[in-house]
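Summary of structural features
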Amino acid sequence: MSPVFPMLTVLTMFYYICLRRRARTATRGEMMNSHRAIESNSRASPLNAEVVQYAKEVVDFSSHYGSENSMSYTMWNLAGVPNVFPSSGDFTQTAVFRTYGTWWDQCPSASLPFKRTPPNFQSQDYVELTFEQQVYPTAVYVLETYHPGAVIRILACSANPYSPNPPAEVRWEILWSERPTKVNASQARQFKPCIKQINFPTNLIRLEVNSSLLDYYTELDAVVLHGVKDKPVLSLKTSIIDMNDIEDDAYEEKDGCGMDNLNKKFSSAVLREGPNNGYFDKLPYELIQLILNHLTLPDLCRLAQTCKLLSQHCCDPLQYIQLNLQPYWAKLNDSSLEFLQARCTLVQWLNLSWTGNRGFISVTGFSRFLKVCGSELVRLELSCSHFLNETCLEVISEMCPNLQALNLSSCDKLPPQAFNHIAKLCSLKRLVLYRTKVEQTALLSILNFCSELQHLSLGSCVMIEDYDVIASMIGAKCKKLRTLDLWRCKNITESGIAELASGCPLLEELDLGWCPALQSSAGCFTRLARQLPNLQKLFLTANRSVCDTDIEELACNCTRLQQLDILGTRMVSPASLRKLLESCKDLSLLDVSFCSQIDNRAVLELNASFPKVFIKKSFTQ
């Protein structure tokens, strides 16, 4: 037999073991959840009475449907007692995230996913809430009033946000987690998962959500934390735990295989001398590298500890062309970045979204990492990275000359003057500034120097004084623009729309949701339809002036249209929608919620005639 066959057999067995271990993770998680349910059901003694409290404050979140200057559909509605529950339906007094379903992943502005993202990390959004008293949690109730089922993880933090002294150590512990599951009912419910018992008191709870399986926006009304002041004593019954779970947890604790000890696993300590590498050192280098590409980052760390040859492979910079650190936000710190530094000299895609908050990553640590690893970067994701300041953006502008995509979504703590540095990144093709404090002067400078922009998000940027001036600059400088998000840009008018339509003929996606200054009578929507024939996604959400004429112009000129949102209009009839559906063969999403002329009967008739189109109509009970 040729020597290559035993070589491939050994390598195949190794790869199969890795895959089997990953596949068993979900099953073990379900088993542990059942064991943890026993723990959480242990009763408090009469001397340790249970404390029940609603959220006091919303301290951080990744997105919301509402405006920064109002309370409608904002995350801030999660603070305090319920506003709506137990009623069901679409209510402005609830908390709503920005997206739902897979529609946003299918539109032209969607980014490609990162490789090597662990399959158990599926969180898309989050919200963090504080409570008055620190307690050992015994239960967490989430009051969901519309399209429930988005919550997939609940975490607790050891830090007390109201303490005057910063903690020496900040820990996050998962109380409960589950993969996204489809909930068929859209009615209100009190979600009561069985949570794990933790060994520290908390008054900071984080909900993480995944809305990909939802038919419409999920709405959350309140969060209730149950807990006791003193650490509860476990019942003897809780010792009945499957040996496989103990073995797996012990293995991870002993070897530090979680991201807790990322710095240890990537340290340059010399491995102990051991037996030879068998057939591995006879395999082509490229073949081993190809197989290692399928491992997650913790698995790669694990494998690096087995022998010198595999350590060499695991530390090869080619393994870190794409580096997604968002799944490990709760553990990543300066030390982690320091030990990753030597391996990431060729990194091109870097995702640090959600990381570094509460002192985990310092400005110095971030800057040191980028000075070593930033020269090849073309994509940098920093959504909700609240450690960022002006110095960080200055370092990005100096150390990342090849950067083409920068995401600063919901970095609302960045000072306005910091955004001036972005103008130095002349190769930018994608820029996301959703929910930031970018001001008009800085944005005009960015648009002037970054003429290669193809994707631009300015949703909910409340510091912009005159969006017509911004739109005029976009039309004059950004001729290659394909997607533009102007969600809740309240003062853009038909004048700005005219500049956009004439200056950006390649636009495929335009979000003008909740832009009340736009009036159909001025001809702005007709102009859009006639001058932007490539439109695939158009959101005119909550513009009451959209009329049949506008819909008919879209039907005639925008036959590639795939997504249209006209929620809230009073002047569109079923007849014009039928013309649209007949002309736009690729249309897959049509939102006619709260359109007064489109009743449930009309929706049913349109659904029967065009079964491939998802026609959304919300309701209020």
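Just so you know, these numbers come straight off a predicted model, no measurement behind them.

Procedures and definitions
Residues numbered from 1 in each chain as written. Predicted model: local features only at pLDDT ≥ 70, side-chain atom pairs only at ≥ 80, totals over all residues. Heavy atoms only, no water. Helix = DSSP H or I, 4+ residues; strand = E, 2+ residues; numbered from the N terminus. Contact = heavy atoms within 4.5 Å. Areas by Shrake-Rupley, 256 points an atom, 1.4 Å probe, with all protein chains shown as cover. Salt bridge = Lys/Arg side-chain N within 4 Å of Asp/Glu carboxyl O. Buried < 20%, exposed > 50% of the residue type's maximum accessible area, 1.4 Å probe, protein only. Phe/Tyr/Trp six-rings, centres within 6.5 Å; stacked < 30°, edge-to-face > 60°. Lys NZ or Arg CZ within 6 Å of the ring centre and 35° of its normal. Pairing = 2+ DSSP bridges. Axes fitted to C-alpha atoms, helices over the stretch in contact; angles between N-to-C directions. pLDDT = per-residue confidence, 0-100. Core = buried A, V, L, I, M, F, W, Y, C linked by side-chain atoms within 4.5 Å. Domains from an automatic or database assignment. Arc of directions from axis to C-beta. Parallel < 35°, antiparallel > 145°, perpendicular 65-115°, else oblique.

**A word on the overall build of the protein**
Scanning the protein from terminus to terminus reveals 17 helices and 21 strands. Contacts in the protein between residues far apart in sequence, at least 24 positions, make up 81% of those at least 6 positions apart. Looking at the protein as shown, the accessible area adds up to about 26,600 Å², and 53% of this sits on carbon and sulfur atoms.

**Quick word on the pattern of salt bridges**
Taken as a whole, this structure holds 21 salt bridges when the rule is applied. For Asp511, the salt bridge is made with Arg98, and the minimal N-O distance between the two is 3.1 Å. Of the two residues, Asp511 sits in strand 17 (residues 509–511) while Arg98 sits in the loop between strand 3 (95–96) and helix 2 (103–106), which places them 413 residues apart along the sequence. Both residues of the pair, Asp511 and Arg98, belong to the buried class. Of the charged contacts, one joins Arg358 and Glu128 as a salt bridge, the two residues approaching to 2.9 Å between their closest N and O atoms. Here Glu128 lies in strand 4 (residues 125–146) and Arg358 lies in the loop between strand 11 (349–351) and helix 9 (363–373), a separation of 230 residues in the sequence.

**Thoughts on unusual backbone geometry**
Residue Pro86 is bonded to the preceding Phe85 through a cis peptide linkage, with omega at 15°. Looking at where Pro86 falls in the secondary structure, it is placed in the loop between strand 2 (57–61) and strand 3. The backbone of Arg435 shows a phi angle near 60°, a positive value even though the residue is not glycine. Mapped onto the secondary structure, Arg435 falls in the loop between strand 14 (430–432) and helix 11 (440–449). What makes Arg435 buried here is its relative accessible area of 3%.

**Overview of the packing of aromatic side chains**
The tally for this structure, following the rule as stated, stands at 19 aromatic pairs. The interplanar angle of 70° and the centroid separation of 6.1 Å between the aromatic rings of Phe121 and Trp354 together place this pair among those described as edge-to-face. Of the two residues, Phe121 sits in the loop between helix 2 and strand 4 while Trp354 sits in the loop between strand 11 and helix 9, which places them 233 residues apart along the sequence. When its relative accessible area of 12% is taken as the criterion, Phe121 is described as buried. Within the aromatic cluster, the residues linked to one another by ring pairs are Tyr65, Tyr73, Tyr100, Trp104, Tyr146, Tyr216, Tyr217, Trp487, Trp514 and Phe539. Above the plane of the ring of Tyr126 lies Arg206, whose end atom (NZ or CZ) is 3.8 Å from the centre. In this structure, Arg206 packs its charged tip against the face of Trp329, placed 3.7 Å from the ring centre.

**What to know about the environment of Ile396**
Note on placement: Ile396 falls in helix 10 (residues 390–399). Sequence spacing of Ile396 and Gly374 is 22 residues, and the spatial spacing of their C-alpha atoms is 7.7 Å. If sequence neighbours within four positions are ignored, Ile396 has contacts with Phe366, Leu370, Leu380, Leu382, Leu403 and Leu425.

**Side note on the sheet that holds strand 10 (residues 322–324)**
Taken in spatial order, the 12 strands of this open sheet run 10-11-12-13-14-15-16-17-18-19-20-21, and their pairing is parallel. Strand pairing shows two members of the sheet lacking a second neighbour, strand 10 and strand 21 (614–616), which therefore form its edges. Strand-to-strand twist across the sheet, computed as the mean angle between neighbouring axes with direction ignored, equals 5°. The sheet contact formed by strand 11 and strand 12 (residues 379–381) spans three bridges and is parallel.

**Overview of the confidence of the model for the protein**
Per-residue confidence for the protein averages 88 on the pLDDT scale, and 85% of its residues sit at or above 70. In this model residues 23–44 is a low-confidence stretch, pLDDT under 50, and it forms 28 contacts with partners more than four residues away in sequence or in other chains. This stretch, residues 266–274, has a pLDDT under 50; its non-local contacts, to residues over four places away or in other chains, come to 15 contacts.

**Topic: the nonpolar core**
Leu408 and Ile474 are the most contacted members of the largest nonpolar core, which totals 114 residues. Mapped onto the domain boundaries, this core takes at least three residues apiece from domain 2 (320–464) and domain 3 (478–620). Once you skip the residues sitting within four places of it in the chain, Leu408 turns out to touch Leu382, Leu388, Leu393, Leu414, Phe419, Ile422, Val432, Leu433, Tyr434 and Thr436. One finds Val51, Val58, Ile154 and Val223 within the second-largest nonpolar core, a separate group that totals 31 residues.

**Here we look at helix 11**
Residues Gln440, Ala442, Leu443, Ile446 and Leu447 constitute the buried set of helix 11. Take helix 11 and look down its axis: the buried residues cluster within an arc of 160°, on one side only. Elements in contact with the buried residues of helix 11: strand 14, strand 15 (455–457) and helix 12 (467–477).

**Some remarks on the packing of helix 15 (residues 548–557) against helix 16 (residues 574–583)**
Running from amino to carboxyl end, helix 15 crosses helix 16 at an angle of 10°, the nearest separation of the two axes being 8 Å. Put simply, helix 15 runs roughly parallel to helix 16. Residues Asp548, Ile551, Glu552, Leu554 and Ala555 of helix 15 pack against Ser576, Leu577, Lys579, Leu580 and Ser583 of helix 16.

**Notes on the environment of Ser409**
Along the chain, Ser409 falls in the loop between strand 13 (405–407) and strand 14. For the pair Ser409 and Ser62, spaced 347 residues apart in sequence, the C-alpha separation works out to 7.9 Å.

**A few points about helix 13 (residues 494–503)**
Taken together, the buried positions of helix 13 are occupied by Gly496, Ile497, Leu500, Ala501 and Gly503. Elements that come into contact with the buried residues of helix 13 comprise helix 12, strand 16 (483–485) and helix 14 (524–531).

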